[in-house]
Amino acid sequence: MVKTIHDAVQITDYIHTRNRVVLAPMTLSVCQPGGYVSQDDIDFYARRAGQVGMVITGSAYVHAQGQAFRDSFSVAEDDKIEGLSRLAHAIKEKGALAILQIYHGGRMVPPVLIEGKPVAPSAIIGSHGNVVEPRSLKHLEVDEILQAFLDATRRAIKAGFDGVELHGANTYLIQQFLSPHSNRRQDKWGGSLNNRMRFAKTLVKQVKKLVKEEADRPFLVGYRFSPEEIEDPGIELWDSLQLIEQLIAMGVDYLHLSLSHVFRPSLRNPEAPEPIIHSVIKKINGRVPLIAVGGVQTSQDVEEILAEDIPLFSVGKAMLLDPDWPIKVSQGREYDIITRYRDELQEELKLPTAFVNSLRDYLEGNQ
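Taking an unreviewed UniProt entry as the reference, the chain is identified by name as NADH-dependent flavin oxidoreductase belonging to Streptococcus iners subsp. hyiners.

Pasting the structure below:
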């Protein structure tokens with residue numbers, strides 16, 4: 001059967017997407033103070049939800065100490081449910097699945113955004129970003145953060161989302177537990193690879209249990225991961241392949257890669273004969289859907305993905321600049337795709353003014 005961009009994709013027995021395109025999670029930083037959903041947020045996502053099969057929101061912090069972006073979504077308190085509900089409804093009304101990405105920034109939290117020091121598995125400073133040396137989490141605090149993720153999932157269910165995506169990528173807290181660079185613990189949460197995987201495994205297991213017990217409808221639990229780190233010591237592809245096996249065993253509904261390009265070679269082993277995603281595809285072996293990401297902009301990019309055993313792919317910048325990108329690609333109208341921002345397009349694209357002003361060079365193609 002010939003694969004197309006508009007094929008429906010079955011994620012679980014009860015949930016499917018209407019096509020293969022996923023709106024990649026992007027943090028706009030246009031929430032109202034305190035992490036409340038703004039009308040700008042709703043307008044942005046509603047404008048793009050009409051053309052994709054799934055929308056994954058920008059990351060929502062599950063705990064006040066976990067906020068890594070100014071004016072970003074919070075799902076840390078019950079009073080956020082009302083705004084998140086309006087957001088979920090706006091997305092679903094356009095026919096897309098609405099997924100709330102949830103995270104804790106850990107040691108990547110800028111200290112200016114929180115009270116006290118950032119927290120992490122161990123008191124090891126990150127190698128990039130506006131960071132300081134974090135405070136090592138106490139044993140009971142690890143349990144409290146796991147509970148914060150569970151409470152966030154409960155709020156996402158109440159708000160009407162179709163699922164949550166656990167953000168285990170981009171060097172945030174879930175990944176920090178897996179990483180031998182950020183996790184130097186000697187208790188059950190650190191040391192061996194099995195112990196460093198324990199946080200992610202426990203989280204998926206507990207979230208799946210909560211969903212089974214409390215969700216009144218089918219509800220997805222996805223997991224995003226970065227397959228490697230450049231730090232030494234750092235996560236290697238082999239580590240991530242073992243994690244994939246464990247996450248599937250824990251019942252994760254889909255996996256979402258975080259890569260700069262879909263077919264990027266290994267960062268740690270640039271001489272490797274094949275791109276990282278090929279090893280991931282082989283490991284998953286069709287047991288759960290995979291979402292690929294990275295540099296998807298043209299119909300040729302889509303054809304290359306469809307030629308592989310990759311059911312879904314997420315699109316970031318191309319969908320920022322043109323919410324109608326999927327239909328234009330499928331109709332061969334690439335000449336009609338908006339590739340550079342212009343101020344006269346702002347209302348049509350529903351790009352918030354604050355977001356445009358902070359990323360103007362990027363959106364205008366000057367970087």
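Engineer: What's the story with the overall build of the chain in this structure? I'm lost.
Structural biologist: The helix and strand inventory of the chain stands at 14 helices and 13 strands. Over its C-alpha trace the chain gives a radius of gyration of 19 Å, about what one expects of a compact globule, namely 21 Å for 367 residues. When its C-alpha atoms are laid out on the principal axes, the chain stretches across 55 × 50 × 45 Å. Within the chain, the fraction of its 367 residues that count as buried is 59%. Excluding contacts between residues fewer than 6 apart, the proportion of contacts in the chain whose partners are at least 24 apart in sequence is 69%. Total accessible area on the chain stands at roughly 15,100 Å², and carbon and sulfur atoms take up 48% of it.

Engineer: Honestly, the nonpolar core in this entry has me stumped. Any pointers?
Structural biologist: In a soluble, globular protein the nonpolar side chains are often hidden away together inside. The biggest cluster of nonpolar side chains holds 106 residues, and the ones touching the most others in it are Phe-161, Leu-166, Phe-199, Tyr-223, Leu-255, Phe-313 and Trp-325. The contact partners of Tyr-223, leaving out residues within four places of it in the chain, are Glu-165, Leu-166, Gly-168, Ile-174, Ala-200, Val-204, Leu-243, Leu-247, Val-252, Tyr-254, Leu-255 and His-256. Judged by nonpolar contacts, the second largest core, of 12 residues, contains Ile-11, Val-22, Leu-97 and Ile-291.

Engineer: What is the right way to look at the UniProt feature "domain: NADH:flavin oxidoreductase/NADH oxidase N-terminal" (unreviewed entry) in the chain in this model?
Structural biologist: Under the UniProt annotation, "domain: NADH:flavin oxidoreductase/NADH oxidase N-terminal" (unreviewed entry) lies at residues 16-334. Secondary structure content for residues 16-334 is 36% helix and 14% strand, and the end C-alpha separation is 27 Å.

Parameters at a glance
Numbers given to residues run from 1 along each chain, matching the order in which its sequence is written. Owing to the predicted nature of the model, reporting of local features is limited to residues with pLDDT of at least 70; listing and counting of side-chain atom pairs is limited to 80 or more, with chain, interface and lining totals taken over all residues. Calculation of side-chain values draws on the structure's entire complement of heavy atoms; hydrogens and water are dropped beforehand. Under the DSSP-based scheme used, a helix requires at least four consecutive residues in state H or I and a strand at least two consecutive residues in state E, with every element numbered from the N terminus. Radius of gyration means the value over C-alpha atoms here, while the globule rule gives 2.2 Å times the residue count to the 0.38 power. For every residue, the accessible area (1.4 Å probe, protein chains only) is compared with the maximum for its type, and the residue is labelled buried under 20%, exposed over 50%, or partly exposed between those bounds. The contact criterion used throughout is that any non-hydrogen atoms of two residues lie within 4.5 Å. Where accessible areas are quoted, they stem from the Shrake-Rupley method and a 1.4 Å probe; at the residue level, only the protein chains shown are allowed to cover. Only buried residues count toward a nonpolar core. Its members are Ala, Val, Leu, Ile, Met, Phe, Trp, Tyr and Cys residues joined through side-chain atoms within 4.5 Å. UniProt positions are given in the numbering used here, feature names are shortened, and annotations may be inferred rather than shown by experiment.

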